[in-house]
Amino acid sequence: TALIQKTYFELVTELGREMLENGGEIFRTGDVMRYTAHSLGLENFNAFVIANGIFASMLAEGQTYSCHVQYISLSPVSICRLEALNTLSRRIVGGFKDPDAIRAELEQIETMESYGNRMKILGAGLGSGGFCFLFGGSLFDSFTAFLAGGILYFFLLYLIPRLSLPKIMCTIAASTVAASSCILLHALGLGDRLDQITIGAIFPLVPGIALTNSFRNFLENDYLAGLVRLADALMTAGGIAIGVGVASLLPFC
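Parameters and conventions
Residues numbered from 1 in each chain as written. Predicted model: local features only at pLDDT ≥ 70, side-chain atom pairs only at ≥ 80, totals over all residues. Heavy atoms only, no water. Pairing = 2+ DSSP bridges. Helix = DSSP H or I, 4+ residues; strand = E, 2+ residues; numbered from the N terminus. Expected span 1.5 Å × (residues − 1). Buried < 20%, exposed > 50% of the residue type's maximum accessible area, 1.4 Å probe, protein only. Contact = heavy atoms within 4.5 Å. Salt bridge = Lys/Arg side-chain N within 4 Å of Asp/Glu carboxyl O.

A. The arrangement of the pairing of strand E1 (residues 43-50) in detail. The pairing of E1 with strand E2 (residues 53-60) spans 6 bridges and is classified as antiparallel. Pairing of Asn 46 across the sheet is with Ser 57, part of E2. Between E1 and E2, which pair antiparallel and follow one another directly, the connecting turn spans 2 residues.

B. Structural detail: helix H6 (residues 139-159). Between its terminal C-alpha atoms H6 stretches 29 Å, which fits the 30 Å expected from 21 residues at 1.5 Å a residue. If you check which residues of H6 are buried, you get Asp 141, Ser 142, Thr 144, Ala 145, Ala 148, Gly 149, Gly 150, Leu 152 and Phe 155.

C. Structural detail: the environment of Leu 185. Residue position: Leu 185 is located in helix H7 (residues 167-187). Taking the C-alpha atoms as reference, Leu 185 lies 42 Å from Gly 53; in sequence the two are 132 residues apart. Excluding residues that lie within four positions of it along the chain, Leu 185 makes contacts with Thr 144, Leu 147, Ala 148 and Leu 190.

D. Representation of the pattern of salt bridges within the structure. One pass over the full model with this rule turns up 8 salt bridges. Measuring nitrogen to oxygen at the nearest pair gives 3.4 Å for the salt bridge that ties Glu 25 to Arg 28. According to the relative accessible area criterion, Glu 25 is partly exposed, its value standing at 24%. Residue Arg 216 pairs with Glu 25 through a salt bridge whose shortest N-O separation is 1.8 Å. One end of the pair, Arg 216, is in helix H9 (residues 208-219); the other, Glu 25, is in the loop between helix H1 (2-21) and helix H2 (26-39), and 191 residues separate them in sequence.

Bear in mind that shape data such as this cannot, by itself, settle questions of function.
This is the structure:
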């Protein structure tokens, strides 16, 4: 019936939205939406996917069903959620068609977390320390960067969500906290080379994936998505630079 088809249509667009929100590739998101729509029996389903939006339409009882247009904010990659969404799409293609069960699974995936906050803080610290060592820092410098990286992610996980700031302001605030932590720890006698410590501490904020994906989009002739991701990467890099500059101008630094 038309009602079931509209329900399936909403579920397919929700699946695509969650894939993009969790860092899924554009061409893969479009393919997943088309394959699942075909498996669910949607007629003439069409989806146009860009880095921060989805435009989808279909036919219901011979008439075009109202087009769904969804804005999707650019977000970090969540591998565990992407894997769960890919698994769900394969099950749908394999014959899993219960709309209530699909919706419940999508809601469960939306709140899925790969690791707890303590593990994320530890991982950020280890990443900061590792990059500090990679860029020429000593083991003492790496230990200091480890502490600063942990402070940075504590700020990102526990304090930033309470501020409700735009993304660029969050980046500036986070890089300011990271650089200030490095300066204060160095002033307390931890670490030898402040430059290497700071580089390591702010590296978890560097938009490497966004920049890589933007060039991939350009190579695939998807210039609109490439420009969106490139602009996001450049804005993030600029925010990091501003935050480090602000930290160096603070009175206690």
